[in-house]
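# Architecture at a glance
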Amino acid sequence: MNLRCLALLPMLVLVGCKPTAQELKIGVSAPMTGDISAIGQSTKNAIAIAQDEINAGGGIKIGDKLVKVKFIIEDDENKPESTATVFQKLINQDKVLAIIGSQTSKCSNAGAPIAEASGIPQISPWSTNPNVTKGRKFIFRACFIDPFQGRVVAQFATEKLKAKTAAVVYDVASDYNKGIAEVFRDEFTKMGGKIVGFETYNTKDTDFSAQFTKIKGGKPDVIFLPNYFNEVPLQIQQARKLGITAVMLGGDGWDNPELVKLGGAVMDGAYFSNHYSPDIDNPIAKTFISTYQTRYKIVPDAAAALTYDCAQLLFKAMASAGKADSKAIRDALAVTKGFQGVTGSVTYSGSGDPVKGAVVIKVENGKFVFDSAVNP
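Throughout, residues of each chain are indexed from 1 in the direction in which the sequence is written. The predicted origin of the model limits local features to residues at a pLDDT of at least 70 and limits the giving and counting of side-chain atom pairs to 80 or more, whereas totals for whole chains, interfaces and linings rest on all residues. Where side-chain values are given, they derive from all heavy atoms of the structure, hydrogens and water being excluded.

### A closer look at unusual backbone geometry
Across the chain, the bulk of peptide bonds are trans and the bulk of non-glycine residues have phi less than zero. To keep things clear, this is the line we draw: Only DSSP runs of H or I reaching four residues or more are called helices, and only runs of E reaching two or more are called strands; each is numbered from the N terminus. Remark: exposure states derive from per-residue accessible area (1.4 Å probe, protein chains only) relative to the maximum for the residue type, with buried under 20%, exposed over 50%, and partly exposed in between.
Each neighbour pair has its own omega, and for G101 with S102 the value is -10°, a cis peptide bond. Topologically, S102 is positioned in the loop between β5 (98-101) and α4 (105-118). Of note, the phi angle at K162 is positive, near 60°, even though the residue is not glycine. Its place among the elements puts K162 in the loop between α5 (146-160) and β8 (165-171). In this structure K162 comes out as exposed when scored by relative accessible area, which is 58%. Unusually for a residue other than glycine, K297 sits at a positive phi of about 60°. Inspection of the secondary structure puts K297 in the loop between α10 (283-296) and α11 (302-321).

### Topic: the packing of aromatic side chains
Stated precisely, the cut-off is as follows: Pairing of aromatic rings covers Phe, Tyr and the six-membered ring of Trp, with a centre-to-centre limit of 6.5 Å; geometry is then stacked below 30 degrees between planes, edge-to-face above 60, and tilted otherwise.
Evaluation of the coordinates by the stated rule reveals 15 aromatic pairs. Judged by centre distance (5.8 Å) and plane angle (65°), the rings of F144 and F148 are edge-to-face. For the pair F184 and F224, a centre-to-centre distance of 4.5 Å together with 35° between the ring planes defines the contact as tilted. Residue F184 is located in helix α6 (residues 175-190), and its partner F224 is located in strand β10 (residues 222-225); the two are separated by 40 residues in the primary sequence. Of the two residues, F184 and F224, neither departs from the other in class, the shared state being buried. Ring pairs connect the aromatic residues F288, Y292, Y296 and Y308, which therefore count as one cluster.

As structure tokens, then:
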């Protein structure tokens with residue numbers, strides 16, 4: 001063989017052989033900065049644990065080889081327009097096999113059409129708005145949806161608290177807040193309750209006195225605030241200053257340690273629906289919570305627990321698929337039955353919405369305490 005042929009040999013070898021996967025890349029879209037950056041940090045923490053655990057065992061078996069997993073985390077700033085950019089990068093530049101995220105419904109609603117059109121499975125930890133998965137084959141979530149959550153809170157208010165009247169204050173510009181507010185209103189009314197106030201505000205507002213002044217005249221037994229942990233403490237503080245004594249209720253957007261740091265004693269006696277409780281007797285949850293606390297010196301919130309479950313669901317689907325192929329991973333994910341995670345059992349039955357339950361948490365002496373569980 002002459003020198004010219006030798007020079008061409010490496011090229012011929014590359015053309016003639018199909019390379020094996022060097023690593024399985026999974027994208028993550030999370031609010032690392034912005035108004036709920038604490039949720040981004042929870043996401044990052046959970047992803048780090050999941051990645052370390054799977055790679056410590058050599059990775060995921062693809063064919064006859066173990067292949068390690070690499071997560072690529074991008075900051076969506078909790079903005080839909082930033083989320084769209086993140087999804088485009090992860091899919092077109094990083095060539096990820098799947099995406100975890102985003103956390104909020106408004107951002108997942110921005111990313112989902114991109115993932116769907118690209119044939120990339122997306123699984124959101126914390127997005128509860130029904131539209132995220134509606135009519136889509138590649139979009140999944142690890143959490144319950146707002147119609148179920150809104151009904152849980154309405155049922156808790158009427159049956160446990162014996163509430164006859166309720167008021168609602170919510171961010172009209174957010175898919176999550178608006179969706180769950182409307183569900184609660186409708187369900188509470190169906191259960192025989194009366195809505196005496198249904199007030200709105202816009203993202204980043206800080207003065208809620210007008211809304212609560214209107215509500216005060218209706219003397220509600222409970223006030224539902226389906227808003228995020230960074231806003232709720234100020235809202236409750238302003239309501240209490242006006243002399244409102246109603247029991248305060250919320251959704252899963254309350255679940256972050258910042259809630260009690262910002263609100264202090266004013267949060268005591270409030271309740272919110274959530275995806276899991278650190279107090280629940282679940283061996284998988286106990287192991288994760290222990291690992292998380294040891295590493296980060298804090299109890300994991302629901303966003304962290306759900307993110308970890310998303311990673312484990314993808315690991316299981318990738319192993320079942322047996323190849324680094326997004327369509328095969330999607331197909332394996334879609335037939336998941338009885339997966340046991342930190343936040344409970346997950347089964348997909350004809351859609352990307354899991355069949356799973358919820359819990360109600362009470363804020364007591366600055367801590368989140370398990371109150372009750374509700375199954376679908």
